[in-house]
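For reference, the chains in residue letters:
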Amino acid sequence: MRKCKKRVYPYIDIETKNKILNKLGENGASISGNNPWKVKTNQYGIVLQGSWSEQKEELEVVILKRGIVRYKKILKRLDKLIGKYVSSNLLTLGNNLKLETNSNSDFSIIDIHTHLFNLKYLPIWGVLASRGVPNKTSRFIEFILLRLTGESFNKIKNRKTFFDYGDLIYPFEFARLNDHDLIERVIKFAESDPEVLRNELLLEAIEEHEELKRNKKDADDISSEVYRKNVLRWIVRKALAGFAYLRWFLFMTMREEKLMKSMIKNYPQVKTFVFHMMDTEHFFPGDVDFSAKCHFAFETQIENMKKLMKQYPDKLKGFVAYNPKRDKGIEVVENALKDGFTGIKFYPPLGYNPSNSIELFQYCAKNKIPVFTHCTPTGFEAKKGAGSNANPNNWEIVLKKVNDLKLCLGHAGGVKGWFDTFSPENIFPESAYAKKVVELCTTYENVYTEVGFLDDIEKPEQKYEFAKRLQYLFRDKSVPFNLSTKIMYGSDWHVLMNHSGGLFKNYALEFLMLLDRNEFNEFNNLKEHFFRLNAEKYLS
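A short tour of the structure in this document, coming up. What you are looking at is a predicted structure, and each value in this text was computed from that prediction instead of being measured.

A closer look at the environment of Thr41
- Positionally, Thr41 belongs in the loop between β3 (37-40) and β4 (47-53).
- For the pair Thr41 and Leu59, spaced 18 residues apart in sequence, the C-alpha to C-alpha distance is 17 Å.
- In contact with Thr41, other than residues within four places in its own chain, are Gly28, Ala29, Ile46 and Leu48.
- Within the structure, the side chain of Thr41 is placed 2.8 Å from the backbone oxygen of Ile46, a separation counted as a polar contact.

Some details on the state of the cysteines
- Under the counting rule described, the total for this entry stands at zero disulfides.
- Left without a disulfide partner, Cys408 is nearest to the cysteine sulfur of Cys441, which lies 7.5 Å away.
- On the accessibility criterion, Cys441 (0% relative accessible area) is buried.

What to know about helix α13 (residues 256-266)
- For α13, the set of buried residues is Glu256, Glu257, Leu259, Met260, Ser262, Met263 and Asn266.
- Looking at the buried positions of α13, the neighbouring elements they touch are β6 (109-114), α12 (246-251), β7 (270-276), α14 (298-311), β8 (316-321) and α20 (503-515).

Description of the pairing of strand β5 (residues 58-65)
- One ladder, built from four bridges, connects strand β1 (residues 6-9) with β5; its direction is antiparallel. Counterpart to Val8 in the pairing with β5 is Glu60.
- Here seven bridges tie β4 to β5, and the two strands are oriented antiparallel to one another. Bridging across to β5, Val47 finds its partner in Lys65.
- Hairpin geometry of β4 and β5 is characterised by an intervening segment of four residues between the two adjacent antiparallel strands and by a positive phi of about 50 degrees at Glu57.

Points about a positive patch on the surface
- A cluster of basic side chains, namely Arg66, Arg70, Lys72, Lys73, Lys76, Arg77 and Lys80, defines a positive patch on the protein surface.
- Mapped onto the elements of the fold, Arg77 is located in helix α2 (residues 71-95).
- For Arg77, a relative accessible area of 57% puts it in the exposed group.

Considerations on the nonpolar core
- Membership of the largest hydrophobic core comes to 145 residues, with the highest contact counts inside it found for Phe249, Phe341, Phe380, Trp395, Leu405, Trp418 and Phe511.
- Here this core takes eight residues from α20, the largest share from any one element.
- Non-local contacts of Phe249, meaning those with residues more than four positions away in its chain, are made with Leu119, Leu122, Ile124, Val127, Leu145, Phe243 and Phe380.
- By size, the runner-up hydrophobic cluster in this structure holds 21 residues, among which are Leu21, Leu48, Val61 and Tyr71.

Definitions and cut-offs
Residues numbered from 1 in each chain as written. Predicted model: local features only at pLDDT ≥ 70, side-chain atom pairs only at ≥ 80, totals over all residues. Heavy atoms only, no water. Helix = DSSP H or I, 4+ residues; strand = E, 2+ residues; numbered from the N terminus. Contact = heavy atoms within 4.5 Å. Polar contact = N/O pair within 3.5 Å; in protein donor to acceptor, adjacent residues only side chain to side chain. Disulfide = S-S within 2.5 Å. Buried < 20%, exposed > 50% of the residue type's maximum accessible area, 1.4 Å probe, protein only. Pairing = 2+ DSSP bridges. Patch = residues over 30% accessible without salt bridge, like charges linked within 9 Å, V, L, I, M, F, W, Y side chains within 5 Å. Areas by Shrake-Rupley, 256 points an atom, 1.4 Å probe, with all protein chains shown as cover. Salt bridge = Lys/Arg side-chain N within 4 Å of Asp/Glu carboxyl O. Lys, Arg positive; Asp, Glu negative; His and termini not counted. Charge placed at Lys NZ, Arg CZ, Asp CG, Glu CD. Core = buried A, V, L, I, M, F, W, Y, C linked by side-chain atoms within 4.5 Å.

The structure is reproduced here in C-alpha cells:
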C-alpha cells in the first residue's frame, strides 16, 4: 500500500477516538464495524477505514477509495479534522504537566542540551566550502548571511534580520516554509541591500561558474543593477539549493537574546537550560586549509555568552567549548569556568579524537567538571567521515585512564539502534553507537547520556520499539548502574529547527507521553529522574 493512502495520528485516547467517530457521523458518514471501522463518507465516493490501538493510543486512517478526489486533498481534510484533537490533547498536557513526586510540585525540566550561538559564531564560508560550494561563492553567501544576522551585544542596531524581513512570523510561519521559499526570502533581502549588490565578491563569484562566464556582459552592463540582481539570484539559488543546514542557518540569524526568548517561549516548563558553545575555528577550509574564521573571535563569543547568563541567572548554565587546535586551549576553558561556566563541550566531528586529550579530562575529573560530548556517527562534520571520532569506543579508552570523569554522551549515540524493531536476543545492532553508550552508562558511575534530536521519536511505530527497548533496559538488575538513573532529557535546541516539521514544538511532550505509557508505571519516579534528577546529579 502506498504511503499516501494512510495517516497515523498519535495521542488519541478512547474519549478522543469516540469524538472523532461522532464528528464523522454528524458530517453524514455511515460507519460500520468495530475497530476497524469502515467509514463511507457519502461525499464524492470517498471510503475510509479506521483502526485504533489502545496500547499506543494511536488512530490509523486508510483511504480505501478516493472517488473523484485526490489523495493529497483527502489527507489534508483528515489532518484538519483529526489534527485539532491531537493539538488539543497536547495543549492540555502542556498546561497540566505534573510530576509524580511526594511534594506534588509543578512539573519542571532541565534541558541538558541547547545552543544559543548564532551565525556570527560559525565560519559560514568554510562550512559552505566544505559542502562543495566554490570558494569565492562561499564568501559571498557568507557576506549576505552575516548582513541578515543580528547581534545583541556588539552595537549593530536597527538592521533588518531574516526574521524582521517581510511577513515571517516565528516559529509557525518559518516551520511551514520549504527550502525554495526560504531561499527566495534570502534573495529578496539581498536584492534590496545596496551593500550586497555593490560588493566585489559578487563579481568574483561569477568567475567560478562557467554558465555565468559564458553570458558575461561588457563593463557597462556588469555595473547595472539589473544585471547584478540577475546574477545574484542565480548564485544564491545555486549555492543554497540542497544545503543540508539551510533551515538551521537561517534560524540562527536571530540575535542571541531573541534566540533565548524563543527557547523560553517554546519550552515554558523548562526550569534550567544548559547551553553548549562550539569552537569551530581551524577546522574548515578557507583561502588555505583550515583557515576559515568566525565573525566573532572566540574570546568575544565567550564574553557574549557570559552577558547572556547574567541576564538569565536562574535559567541558564553554560558549557564552554574546548578546541585542541587553539593555542593554550585548556587555559581558555579554565578561565571561562572561573567566570561562571559550568562544564566543557567536546565536539569530535570537527576532526579530533577524545583519546588524544587525556590531560584535559584529568583536569576535569580532578575538579569535578562535567564534560558533554557529541556522540553520533555524523553531526556538524568539518569533513566527511570526521563523525567517526565521536565513536563511544574512543571514550572507553579515555574512561579506562580517567574512570571518574563526569561525562555525558550526547544524542544517546544517535537514532540507529534505539528505534529499530526490538528483540531481547539482540537489543542493539553491533554497529549502533547506542550499544556502547548504554554499556558505558551502566558500567561507570559518572557517565550519562541524553536524548537530543532523536527525530524518530515522532514516528509512532518507531517510538513503540523505543519504549520496549527502554523498558527492557530499565528492568536490567545485572548492571552496576541502572540506565533509568543515567539517561536525561535534552532537546538540542536550536539545531532542532533544521527539522522541517513541528518537532521543535512538541519535543519534550513526545518524551512525556512516552514515559506516561502504562508499561513504565513499574519504575518509581521515572519521569522525575529523566527530566530533572539525573541532570542535577550530572551537573553537581
